[in-house]
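Examining the three-dimensional arrangement
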Amino acid sequence: MADLLGVQNVETFYGPIMALRGVSMKVREGQVLALLGANGAGKSTLLKTISGTMVPEKGRVEFQGKSIEGTPPHQVARLGIAQVPEGREVFPLLTTEQNLHMGGYRRTRAEVAESLQRVFALFPALYAKRTSQAGYLSGGQQQMLAIGRAMMSAPRLMLLDEPSLGLSPQLVGEIAETIVKLNRDESVTIMLVEQNARMALDVADYGYVLENGRIVMEDTSSSLRDATDIKEFYLGMKEQGVRGRRRWKQRKTWR
């Protein structure tokens, strides 16, 4: 698989605060890539830097081999990158179908009609609610709508920011299935930002761990799932202790 996205030594700031500290990573064509990390690690900042809503002070962002750092968000979207923001950010006073049309604003009427059929096939609940105002949809339906709206632009790369946030375990499972279908059936490469490490590693091929604005670990999802640090600090699994083991908190091996 060829590299679709490359991030090289990127540094991004919020005023005087450095949020990303020399981040380098890549996403391969056809891949589901998970980006793990706690609150404040810099995950959303990295997505915003890729999508153009934040401009890095240093480093390069390449999409399909071309530099895009600092490119305005609407132009990044036209290149084939769609972001599903944390918190869904649907237009509450517009109907479900109107929200979806907003995602396909740059496409022809025939292309929009085709994409709309694909979205409704993937999310039958949205078809049933197509004339309802988005503000009255459930949290899970709003997340489906946000993903569907991104699908309307026919992206090559979809950036998903915390899609499971605030959802019940059953809905988290449905979102995980949706990610797999998007990747497998719609041929969308996905970069998934998640605090739910278990769900993320179940659907991803490869993963990075971001902490304090820097990449501290990367590997295949299966290897990350078996790593001691990931088990203890992200999956909540502690290995059985031995007699005489120190009782203070275990330190991460990457510190």
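Residues numbered from 1 in each chain as written. Predicted model: local features only at pLDDT ≥ 70, side-chain atom pairs only at ≥ 80, totals over all residues. Heavy atoms only, no water.

1. Overview of the sheet that holds strand β9 (residues 206-211)
Taken in spatial order, the 6 strands of this open sheet run β6-β7-β8-β3-β9-β10, and their pairing is mixed. On the outer flanks of this sheet lie β6 (81-84) and β10 (214-220), each paired with one strand and no other. Between one strand and the next, the sheet's axes are offset by a mean angle of 15°, whatever the strand orientation. Bridging between β6 and strand β7 (residues 157-161) involves 4 bridges; their strand directions are parallel. Bridged to Gln83 within β7 is Leu159. Along the sheet face, helix α7 (residues 169-185) touches β3 (32-36), β7 and β8 (189-194) and points at about 160° away from the line of β8. (Pairing = 2+ DSSP bridges. Helix = DSSP H or I, 4+ residues; strand = E, 2+ residues; numbered from the N terminus. Axes fitted to C-alpha atoms, helices over the stretch in contact; angles between N-to-C directions. Contact = heavy atoms within 4.5 Å.)

2. A closer look at the layout of surface pockets
In this structure, the largest pocket encloses a volume near 550 Å³. Forming the walls of the largest pocket are 19 residues, and the residues nearest its centre are Ala77, Ala82, Gln83, Tyr105 and Arg149. Listing elements by their share of the lining of the largest pocket, those giving two or more residues are α2 (73-79), β6, α3 (96-103) and α6 (139-151). Split by residue class, the lining of the largest pocket holds 10 nonpolar, 6 polar and 3 charged. (1 Å grid on protein atoms, 1.4 Å probe; cavity = no way out; pocket = protein on both sides within 12 Å on 5 of 7 lines; lining within 4 Å. Points joined across faces, edges and corners; volume = space filled by probe spheres on them. Nonpolar A, V, L, I, M, F, W, Y, C, P; charged D, E, K, R; others polar.)

3. Topic: the sheet that holds strand β5 (residues 66-67)
Hydrogen bonding along the main chain pairs the strands of a sheet, whether they run parallel or antiparallel. The sheet built from 4 strands is open, its strands ordered β2-β1-β4-β5 with antiparallel pairing. The open sheet has two edge strands, β2 (17-28) and β5, and neither has a second partner. Packing against the sheet, helix α1 (residues 43-51) makes contact with β1 (3-14), β2 and β4 (58-63), and its axis sits at approximately 115° to β1.

4. Regarding the pattern of salt bridges
Inspection of the entire model under this criterion finds 7 salt bridges. Residue Glu62 is joined to Arg60 by a salt bridge in which the shortest nitrogen-to-oxygen separation is 2.8 Å. On the accessibility criterion, Glu62 (19% relative accessible area) is buried. Ionic pairing is found between Glu111 and Arg107, a salt bridge with its closest N-O pair at 3.9 Å. (Salt bridge = Lys/Arg side-chain N within 4 Å of Asp/Glu carboxyl O. Buried < 20%, exposed > 50% of the residue type's maximum accessible area, 1.4 Å probe, protein only.)

5. Describing the domain arrangement of the chain
Annotation of the chain at the domain level lists domain 1 (1-80 + 155-240) and domain 2 (87-154). Summing the contributions of domain 1 and of domain 2, the shared interface buries around 1400 Å²; its carbon and sulfur component is 64%. Considering only the surface of domain 1 that becomes buried against domain 2, Arg78, Pro155 and Glu186 emerge as the three largest contributors, covering 31% of it. Inspection of the domain 1/domain 2 interface yields 1 salt bridge. At the boundary of domain 1 with domain 2, the tally comes to 2 residue pairs in polar contact (both at pLDDT 80 or more). At the level of elements, α2, β7 and α7 are the ones that each hand at least two residues to the side of domain 1 that touches domain 2. In terms of residue count, α7 provides more of the side of domain 1 that touches domain 2 than any other element does, 7 residues in total. Tallied by class, the residues present in the side of domain 1 that touches domain 2 amount to 10 nonpolar, 3 polar and 7 charged. (Domains from an automatic or database assignment. Buried area = accessible area lost by both parts, 1.4 Å probe. Polar contact = N/O pair within 3.5 Å; in protein donor to acceptor, adjacent residues only side chain to side chain.)

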